[in-house]
Each structure stands twice: as structure tokens, then as C-alpha cells.
Amino acid sequence: MIAAVLSLTLLGALLGVVLGCADRFLRVEGNPLVDEIGALMPGSNCGQCGFPGCAGAAAAIVAGSAAPTCCPPGGKALAAAVAGRLGLAVDLSALADDGPQIAGVAEELCIGCCRCSKVCPTDAIVGAAKQIHNVLREACTGCANCVDLCPTEALLLQPVPPTLPHWVMPKPLGA
Amino acid sequence: MNPNAFAAAPVASPHAHGGGSVARTMRHVQLALLPATLHGFWLYGWPSFLLWLLTILACVGWEALALRLAGGRRVGAVLHDGSALLTGWLLAMTLPPWAPWWVAVVGGFIAIVVGKQVFGGLGQNVFNPAMVARVALLVSFPLPLTQWVAPLAQPAPGFVDALQRFLGGAPVPDAMTSATLLGHARTELSRGVDLMQVLAGAPPSSLSWLGERAGSFGEAGALLLLAGGGYLLAVGVIRWHAPFAVLAGLAVPAAIAHAVDPARYLDAGSHLLSGAAMLGAFFIATDYVTSPSTVPGRLLFGAGVGLLTWIIRSWGGYPEGMAFAVLLMNALTPTIDRCVRPRILGRDRRGRPLDLPPGSPRQ
Amino acid sequence: MGILTTFKDWFGNDWGVHPDDRKRPAADAAVRVMPVPERLWLPLQQHLGAPARPVVLVGQRVKKGQLLAEAQGAVSAPVHAPTSGTVAAIAEITAPHPSGLTLPAIVVDADGADEWGERVGCADPFALAPDEIGRRVAAAGVVGLGGAAFPSSVKLAGAARAGVATLIVNGSECEPYLSCDDRLMRDAAAAIVDGIRIMRHASGAARVLVGIEDNKPEALAAMAAAAASCAEIRVCRVPARYPMGSEKQLIQALSGIEVPADSRPADVGVIVHNVGTALAVRAAIRDGQPLISRLLTVNGGCVVAPGNIEVRLGTLAADVLAFAGGLHGDGLGLARRLLGGPMMGMQIPHWRVPVVKGTSGILALAADEAAAGDADPCIRCASCVRACPVGLLPLEMSARIRNDALDAAAALGLADCIACGCCAYVCPSRIPLVQYFQHAKGELAARERARLRTDATRKLAAQRQERLAREASEKAAAAARRKAERAAQQSAAEKLVQGEPA
Ligand code: SF4
Ligand code: SF4
Ligand code: SF4
Ligand code: SF4
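Residues numbered from 1 in each chain as written. Chains lettered and ligands numbered in written order. Predicted model: local features only at pLDDT ≥ 70, side-chain atom pairs only at ≥ 80, totals over all residues. Heavy atoms only, no water.

Undergrad: What is the right way to read the overall build of chain A from this model?
TA: Counting its regular elements, chain A contains five helices and four strands. Going from the N terminus to the C terminus, chain A shows its helices and strands as α-α-α-α-β-α-β-β-β. For chain A, contacts bridging at least 24 residues in sequence account for 53% of all contacts bridging at least 6. On chain A, roughly 10000 Å² of surface is accessible, and the fraction owed to carbon and sulfur atoms is 62%. (Helix = DSSP H or I, 4+ residues; strand = E, 2+ residues; numbered from the N terminus. Contact = heavy atoms within 4.5 Å. Areas by Shrake-Rupley, 256 points an atom, 1.4 Å probe, with all protein chains shown as cover.)

Rendered as C-alpha cells:
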């Protein structure tokens, strides 16, 4: 009986070592540099995360005081990238992610008050006073700073429409 | 949403399939084991049949239980692939033919639960489940695991008799026991008897081609296993690299050592035909999950198994070393797979792009 | 093929698969020519590269062969009217693409006259300068007809520039079911050889190797006979083995050259063109005909009368199928709609998808022909490793991608995967390996785009900060100036007050 216990213990220890090695070797290399994480962030310093800017959020994520999911404009893609860099497990399903979004102006509602263009961190909104404003698709990060400011609710976030060259084959389900 | 989009997710190419399946592969292997198994029944009678049956049932049962406990929904589908059945079958082949019932049940538990399911199920295990069970049983219960019944023992027990013996766990009567060739050689050697004398007394090893000798259930039918291996090679379920390397890794050092000191070392033929050599070469070392996935890796793996087997047989504490050798090489498999990778077309072995050939336009 | 090859095969170089080719009886049926349908949809992007830019207006009358949209950028191809008629609209049509997304197309309503516009042919192409041939091929909108649809003129011009020594003509057609190249070689071998000679002239290659798989003995014989008089063209028999028709594999099989991973064939002095392309080049140069129609294979268990059909570009797959006799039981047993072959072709959501330049086949597969079934766990059988023609480890890459470790998969050589599908074809667990790889490639590309975008955003944000700072400092300067002015005024006034004794 003792032999049985011993042998199974030995086996268990052996397997433990193997699993430990596997963990060591298969782990995603982590180099938790704030700069590196900062480079992944959208960089618009929009402040939605609750930190003064992207660098602050990066530092907080590295320090562990903020979740990798704290950046709304970055969305799932950023959270996955950050979590991968840091070797963290992160529950992405919590992020209701409809893919990237950008702002759009409903032209019939805009009164040209210029409030939105003043707060846009990337100067993505163009338009002169008393003129209909417009959002530059390429520059908008979807930070939503402008949305609440618009007195006529002309600004809305819309998902970026899928296009042929940007389409991505979905990951196989299950198995 | 786009009205033209698929109702279901798109299916990527290829849209054709070769038709192979896990279940089919396992069926081929089972078919290849059949002749040696029937031969075993003939040699060792009803007790061996009961052992074989219970080992398989135990493995399938433990697998079902483990899947159920893990909350899997596809229990039936997974059982259908026949891998647990095959594990049980292989384990039974390595057990003493008259082992009692609990050996089968405990063995099945170790093989399936400890050897496979704790790793995450089919395809995830590092060690060959049957070999894990075999080694754990041997180390834990040395006595029943080393009681070899003589082939065609008389009087052959009837079914009821066999059932009683099987369930009662009575030891094999002394009159019916016999030693395996490897075991016999080891005992005699340790008594200081010269191998030449030992073998002179024993039936010549060429007789064992017919398989009438003591040993584990699947040991005697070495030639039938060889034939089964040939069948697997022919239908393409296994490739020749690993079996060849195992047999070569075993035979070459054995032949050299025998030539140097025949009084101390068994000849290559005896090595190849006894113990689990054939079973190991064609059915264990070719286990998909626990062997390397590249051709050079498999050659390396097989040679390692053969060599280690010979070393353990010749100098180790146990007369048979195939199971240990397989487990040791299993542990090395991830490393082999990491180090031995196929060369990518257009790249050198390190993964750098090849140089342009001399005389090409852009150089 | 040689003792060395056999020996290499023994030790694991036996890449590829041998799928049931199912080319006959479609390959043996005579070619049918489909009449022009009433309406044609011509996507602006039928090729690799930038989409074409429309040069016609809605309502405009066009002649057969007239330019509808011009090439845009260095790698692009124009689109021509396949028949005479009216431009009805520029509208969206479902793309020949697995996503089911739409793309813009020029819609032409045929007038039934099928009347040619102006054509400038050339009786002696060998008198033309090579780059003039390249220009004419580009103007005719010829792209690779094997499936990749890379603009042919770009390849020819690049070859002439690079000084290519070998022109390889791909007649291997290794995809199961497809037989349009086979049919072309049987029926028009002389014209193909003429086209090959024109391409050789344009590319400056010294020798030509035509690779044809040994499962097409008729095509081999026809091509060998047609090329008998040309010493520089050698028709070679290659073993039938999928994916023999893949560029780098064919180059290696025919010339023994292994193209380095990040180089193009032209870098090692080789270019590869498809036999159909040779024919299109001939039509473009000799007759001045742009690429407006092609031969394609209609096949699959559901098709009533499988065969090869010559159709105008822009014809909807639905119309082609109807011409081919429709589907058995009105498509009741239909399991999968495909454009292209079963190994690399793409699934389409419905039949209202236009035939484009790269459409080599329309397949309607019945349930017993189409791969299906739930994936089981990988049993590490390494069948995929054996089958991969590139020498990758599909099982390791897919395991990494499954855990979203895309970079780890990339480190294993994901970028070298040619998506040939051999691995998934042999996988006993039916793991959709290629889907994993395509997903990962798309995801990595999206990540790269996101990175570029982040960089751009960061630049914009910095510019804004700069602007705000500049504005603030300008404001401060202006305020200081005003303050100084006011102070000066005040002191002057004070001086005035003080200087004036009461
Ligand atoms: S959401 Fe509004 S404020 Fe934010 S980047 Fe876009 S346009 Fe600018
Ligand atoms: S805040 Fe609203 S109304 Fe004012 S300019 Fe912007 S979009 Fe127009
Ligand atoms: S699809 Fe990619 S990984 Fe699979 S066999 Fe082809 S090249 Fe290899
Ligand atoms: S063929 Fe399929 S089951 Fe076999 S190793 Fe490759 S992925 Fe795994």
C-alpha cells in the first residue's frame, strides 16, 4: 500500500513539474513596461478611463489598479492586446463590444454651435460657426467626448461599417 | 445587418474532406490488435479473456464517468471515437494474463483518469495512458503483476472456474507459473549463472516465434503483432519511422553487446521477440498523442525508446523496460517537438529566408 | 520522379494530398457557349490591387469591349463592357467573397446586338516592343485567370525589368472538379502556344516550361503536339498531387528552384502564368480584344448537366447554372455553393453573385461531397504536418490561435501558409484549420491597421496639444501686449497729469 501511495505521489510530483515547466515555457513573455502598454493605447487622452490620460491609464494597468478593459475606445481589441502583453487572464465577454465605433453628425440637426469641435482630442470635427459640422472618419477615435455636449443630439456613435478588405474570417466556434 | 450576409457563419475552405476520422483510425488499430489478442485467448484461456474484457470496460466506464463529472455534453460522441476502448485494450495486452479483477479496474482508473482526463482529455495527455497505468500497477502491486502463467496451462480452467479465480484474486498456482524469458534471464544472471547455460536449459528462443511461452497477455503473439503493425502501415494509420527506430534502437545495441559478451547479454532476436518490444514498437511508440509530430522527431523518439528499453532490460532493476522507456521519452516529446521542426519552404532551418540562388536577377 | 525524390518522400517530403479529382465527366463534355444574359454586373474590383474607377455615366450606351472603368494605381486592372448595351446603374452586388458583403459594380443592360467597338489588333506581335505588349495587355484588363487575379501586365513588365530567364505556364489545374484549363488545352492548344510565345517575347524569358498534371493525358498530348515546332517551349508532365498548381510548388517541381520566403518568383528569374491567361494575352494582342469572357467549370453533385461553359464576365452564377440545366430537384440536396474549387474556393451565400475574371468554377456540392461535421479535439496525429506543402505545423499553429496567441502562431510561420487546405482535408478530427489561419491572418492585419491608426491618432492629439499651446501662448502674448500698451497709455496720461502744474 505504501508503495502505491509513494508511486502515485511520485507520479503526481512528476506531472506537477511537467506542468510547471509547460507553464514556464508556454507562457506569453511579459515585459510590463508602462511605455509599451502606453504605445498600445489609443493615445487620444480622452479621459474616459478616469485617468488623466492614456499614460496614466497604462501606468495604472501595469500597477494592477485598473483592469485592461478600462479603455472604452480601445475596446476588446486593446484589452486583448494589453492582457496578452501582461500575461493576464481577462474576461473579454464583460466588454459589450460591437467593434470600433466612430461619431457621426446628423446634418439636419446640427446648428453649428462648435461645442463639439472644441473638445475633440484629435481635432476630428471640422466646421465653422453656424455651419454644419462633420466628423473625419479617419481621425475619430470614438471617444464619445463630443456626444454629450451636443445641444441638439446631432452627434451619435455608430459602428464602423464592415468593408470587404477589412473583413476578418470569424474564429471557428467550439472544439 | 447586411441582408446578403450568411444566416450562419461562413465556412472556410477546404470544402472537401478526405474522409478520415478518429473513430476510423481507432478501429484500424483495434483490428490490427485482434489476431494477437485471439492468440492470447488461446494460450491463456478464460481468465485472460475476462481480464481483457474488464480492462476495456473499466477504461470506457472511467472515461464516461470523468466526462460526465467534467460536465461534458458530448459524452456519447466522445466515447464513440473508441480511444478509451483502445487504451483499455492496449493496457490489457501488457498485463499478466491471469491478473485478478481489481488490477483491471485500478489500471483503467490510472490510465483514463490519471493518465488522460486530468490532462484535459483526448489529445492533451503528455504520457501514454496505458503505459502510465502499466508502470503505476507494476510499481504499486509488484506481486500480481509478475505472476506469469504458463502457456496452455493444464488443466485449463473452465469459464466458471476462471470467473471464480478472476474475482477471487487467488494467486496463480505454483505448478502453473512460469517465468518470462527476460525474467528468467535476469534471475539467473543475478544468481551468477552464465546466460549460455541458462538458455541451453530453456527452449531456444526461436521457438518463441510460435509464441508458446509465458509472458504478458500480448507478449507471446509478437509475430501477430508484427503482422498487425504491417497492416497499420499498409492502411497508412502509422508510418514506419517510429517502429523502425524502436526496433533498431533495441536490436543494434543488443547485437553489439551480445557479440562482445554473449554470456552477459541476450541476443537481438530474443530482445525483439520478448517483452513488449513488438507491441511497443507498433502500437505504443506510434501513439499519436504522445509521440513527436515530425519525421526526424519520430526517428529520435523511437530510437530513444528502443535504446532505453535495452538499457533497462540489461542493467535496470526490472526485467522489462519498455513501459519505462516509453514514459521517459514521452516526457521528452514536447522538447523534441520544440527542437525538431520541419523546414519551411523558402526558409532555412532557423526560419530565415533562403538566399537567392546565384545568377538570379535580383541579388 | 527520381530515386532522390522517392528517398526524400520516405523521410517526410511527401507533401500534398491526392483528393478524388471528380473532373470527369465534366472535363470530357464539349464546351458550351452561353448566350449573353439580359443584365450583367461588373464589379469594379475583379483583381488584386486597387479597384477600377468608372469612366461611363448611367444611361450611357456602350459597345462590346468598351472601357467601363479604368485602372487606378500601379497594381490594378480596367473593366470592359462584355457586350453592347446601356449602363443601367452603378450599384452594389454581393461580392464573390465568403463574407457575403457587397461591392460596387457597373450594371450593363444588353441590347442583344452584341456589337463590337473599335479593336486594334496586331498581325505580328513579335514586331512589337515588349513594353508595348505589356501596355496593351494592361489596357485589355488581363489578369491571372487561375484564381489569384493578379494583373498580368504587372508580372510581364516586372519580368522584363528583372531579366527573367524562365516562363512557367501553369496547366496543372490541381483543384478537384475544375477542368476549364484542361478543356482549353485540349481545344485550343495552338492558340495557347501562340499566346505563350507572345508572353515569352514580352517577358524576355529564354525558355518556357509548361507544367501539366499526368491526370490530363489528352491535354498533355495536345499541348506537346502544338509546341512541337517551338524548341524553346517544353511541355512537362508533373505528378497529379494537390497543390501542384500553387506557384512556388510548381516552380520547384519544374525548375528545381526554391523561391526564398520573402521573395517573388521574378527575383529568382521565374514567372508563372496560367494557360487561360496565355489565351487572353493572345486575344488582347492579336485581336485587340479585352478580357470580357472566360471559360469556367460548372460542376458538383447537384448540377444536372456539368461541363465547361464560356460565359461573359458579369453574368450571375444563377444564370450560368440555369443555362447548365439547373440543379437536381431545384437545389433540394444542395449543401454548399462555391466559386472556384473545393480546396481553395469560397462559399457564397446565394447564387446572385457575378462571374468575375478570377472565377474558375461554379460548384454546387451535395451533402455527401461537402466537408462537414463537428470538430473533435486534435489527436496530434500529424497528418496535417505530413500534408502541408510548406512545411508548417498546422496543429501547433491552430492550438495557439485557438488560445488567441496570434503572435505565437505567427512565430511558427503563419505568414507562409498558402491556405491550400491540405491540412484540413486530411485532419481526422475535422478541425477547420484553414479557418483558424484565415482568422488569425485577418486579425493580425486588423491589428496592424489599428496600430497605424493609433499612431495617426497620437500624432493628431499631439498636433492639437501643440495648437492649444500655441493659441494659449498667442493669447498670453496678446494680453501682455495689451497690458503693456495700457500701462504705457496710463503712464503717459499720468505724466501728463503730473507734468501740468496746477
Ligand atoms: S467621438 Fe467625438 S470627440 Fe471623440 S474623437 Fe470622435 S469626434 Fe472627436
Ligand atoms: S455640438 Fe452638435 S450642434 Fe454643435 S456643432 Fe457639434 S454637432 Fe453641431
Ligand atoms: S493551409 Fe497552410 S498550414 Fe494548411 S497545409 Fe496549406 S500551407 Fe500548410
Ligand atoms: S491532422 Fe488534425 S488531428 Fe491530426 S494533428 Fe493535425 S490538427 Fe491534429
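Undergrad: Is there a simple way to explain the packing of helix α1 (residues 22-69) of chain B against helix α3 (residues 83-94) of chain B in this structure?
TA: Axes are the key here: two packed helices are described by the angle between their axes and the distance separating the axes. All names here are of chain B. Following both chains from N to C, one finds α1 and α3 inclined at 140 degrees, their axes separated by 5 Å at the closest point. The angle between α1 and α3 places the two elements in the oblique class. Pair α1 / α3 crosses with right-handed handedness. The residue makeup of the contact of α1 with α3, split by class, is 17 nonpolar, six polar and one charged. (Axes fitted to C-alpha atoms, helices over the stretch in contact; angles between N-to-C directions. Parallel < 35°, antiparallel > 145°, perpendicular 65-115°, else oblique. Left-handed = near helix turned anticlockwise from the far one by under 90°. Nonpolar A, V, L, I, M, F, W, Y, C, P; charged D, E, K, R; others polar.)

Undergrad: Can you help me understand a positive patch on the surface in this one?
TA: Among the surface-exposed residues, R481, R482, K483 and R486 of chain C lie close enough to one another that they form a single positively charged patch. Residue position: R481 of chain C is located in helix α14 (residues 433-499). (Patch = residues over 30% accessible without salt bridge, like charges linked within 9 Å, V, L, I, M, F, W, Y side chains within 5 Å. Salt bridge = Lys/Arg side-chain N within 4 Å of Asp/Glu carboxyl O. Lys, Arg positive; Asp, Glu negative; His and termini not counted. Charge placed at Lys NZ, Arg CZ, Asp CG, Glu CD.)

Undergrad: I would appreciate a short explanation of the site of ligand 2 in the present structure.
TA: Around ligand 2 sit C110, I111, G112, C113, C114, C116, H133, C150, P151, T152 and L155 of chain A, and that is every residue in its neighbourhood. Here the residues of the shell around ligand 2 are counted per class, giving eight nonpolar, three polar and no charged. (Near = heavy atom within 4 Å.)

Undergrad: I keep staring at the pattern of salt bridges and nothing clicks. Help me out?
TA: Pairs can form between side chains of opposite charge whenever their charged atoms are close. All names here are of chain C. In the structure shown here, the tally under the stated rule is 39 salt bridges over all chains. E218 serves as the salt-bridge partner of R186, at 3.8 Å between the closest nitrogen and oxygen. Of this pair, R186 sits in helix α4 (residues 180-187) while E218 sits in helix α6 (residues 217-226), and the two are 32 residues apart along the sequence.

Undergrad: Just checking my understanding: could you explain the state of the cysteines for this structure?
TA: Here, the word disulfide means a covalent bond between the sulfur atoms of two cysteines. A full pass over the atoms with the stated rule returns zero disulfides over all chains. Residue C114 of chain A stays outside any disulfide, its sulfur separated by 6.6 Å from that of C113 of chain A, the closest cysteine. Note on C114 of chain A: relative accessible area 14%, which makes it buried. In this structure C422 of chain C is a free cysteine whose sulfur lies 3.6 Å from that of C420 of chain C, the closest cysteine sulfur available. (Disulfide = S-S within 2.5 Å. Buried < 20%, exposed > 50% of the residue type's maximum accessible area, 1.4 Å probe, protein only.)

Undergrad: Whenever I open this one, a nonpolar patch on the surface confuses me. Can you help?
TA: Judged by side-chain polarity, L31, L34 and L38 of chain B come together as a nonpolar surface patch covering roughly 260 Å² of accessible area. Positionally, L38 of chain B belongs in helix α1.

Undergrad: Got a minute to help me understand unusual backbone geometry in this structure?
TA: Residues S13 of chain B and P14 of chain B are joined by a peptide bond in cis, for which omega reads -5 degrees. A cis amide bond links R24 of chain C with the next residue in sequence, P25 of chain C, at an omega value of 10 degrees. Among the secondary structure elements, P25 of chain C is positioned in the loop between α1 (2-13) and β1 (32-33). Look at C114 of chain A: it is not a glycine, yet its phi comes out positive at around 70 degrees. Relative to the helices and strands, C114 of chain A is located in the loop between β1 (101-105) and α5 (115-119).

Undergrad: So what exactly am I meant to see when it comes to the nonpolar core here?
TA: As a rule of thumb, nonpolar side chains are buried together in soluble globular proteins. With 78 residues, the main nonpolar core has I196, M223, V320 and I362 of chain C as its most contacted residues. There are two domains that each give this core at least three residues, and those are domain 1 (25-293) and domain 2 (294-366) of chain C. Apart from the residues within four sequence positions on either side, I362 of chain C is in contact with L296, T297, V298, N299, A317, V320, L321, L338, L339, W351 and V355 of chain C. In terms of nonpolar packing, the next biggest core, distinct from the first, is built from 76 residues, V103, A104, F166 and F217 of chain B among them. (Core = buried A, V, L, I, M, F, W, Y, C linked by side-chain atoms within 4.5 Å. Domains from an automatic or database assignment.)

Undergrad: Before we go on, may I ask you to explain the domain arrangement of chain C in this structure?
TA: It is common to report an interface's size as the accessible area lost on association of the parts. Residue and element names in this part refer to chain C. Domain assignment breaks chain C into domain 1 (25-293), domain 2 (294-366) and domain 3 (373-471). Using only C-alpha atoms to locate each centre, domain 1 and domain 2 end up separated by 20 Å. Taken together, the contact between domain 1 and domain 2 spans 48 residues of the former and 44 residues of the latter. With both chains or domains summed, domain 1 and domain 2 bury close to 3800 Å², and 63% of this area falls on carbon and sulfur atoms. Looking only at domain 1, the three residues that lose the most surface to domain 2 are R32, M34 and Y177, adding up to 21% of its buried area. Linking domain 1 with domain 2 are one salt bridge, by the criterion used here. A salt bridge links R312 to D114; the shortest N-O distance between them is 3.0 Å. Applying the counting criterion to the domain 1 and domain 2 interface returns 21 residue pairs in polar contact (both at pLDDT 80 or more). Counting only elements with at least two residues in the side of domain 1 that touches domain 2, the list comes to β1, β2 (39-43), β7 (85-94) and α4. Here the element with the most residues in the side of domain 1 that touches domain 2 is β2; it accounts for five residues. (Buried area = accessible area lost by both parts, 1.4 Å probe. Polar contact = N/O pair within 3.5 Å; in protein donor to acceptor, adjacent residues only side chain to side chain.)

Undergrad: Honestly, helix α2 (residues 130-139) of chain C in this entry has me stumped. Any pointers?
TA: The periodicity of an α-helix, 3.6 residues per turn, causes residues three or four places apart in sequence to face the same way. All names here are of chain C. All buried positions along α2 are accounted for by I133, G134 and V137. Across the axial projection of α2, the buried residues extend over an arc of 100 degrees, all falling on one side. Of the exposed residues in α2, the ones pointing more than 90 degrees away from its buried face are D131 and R135. Contact partners of the buried residues in α2: α3 (152-162), α5 (189-203) and α8 (275-286). One or two residues past the end of α2 sits G141, with phi positive at roughly 70 degrees. (Arc of directions from axis to C-beta.)

Undergrad: I'm lost on the interface of chain B and chain C in this one. Help?
TA: Taken together, the contact between chain B and chain C spans 48 residues of the former and 75 residues of the latter. Buried area between chain B and chain C, summed over both chains or domains, comes out near 5000 Å², and the portion from carbon and sulfur atoms is 56%. Taken together, the connections running from chain B to chain C amount to four salt bridges. One salt bridge in this structure joins R347 of chain B and D416 of chain C, with 2.6 Å as the shortest N-O distance. If you look at where chain B meets chain C, you find 17 residue pairs in polar contact (both at pLDDT 80 or more).

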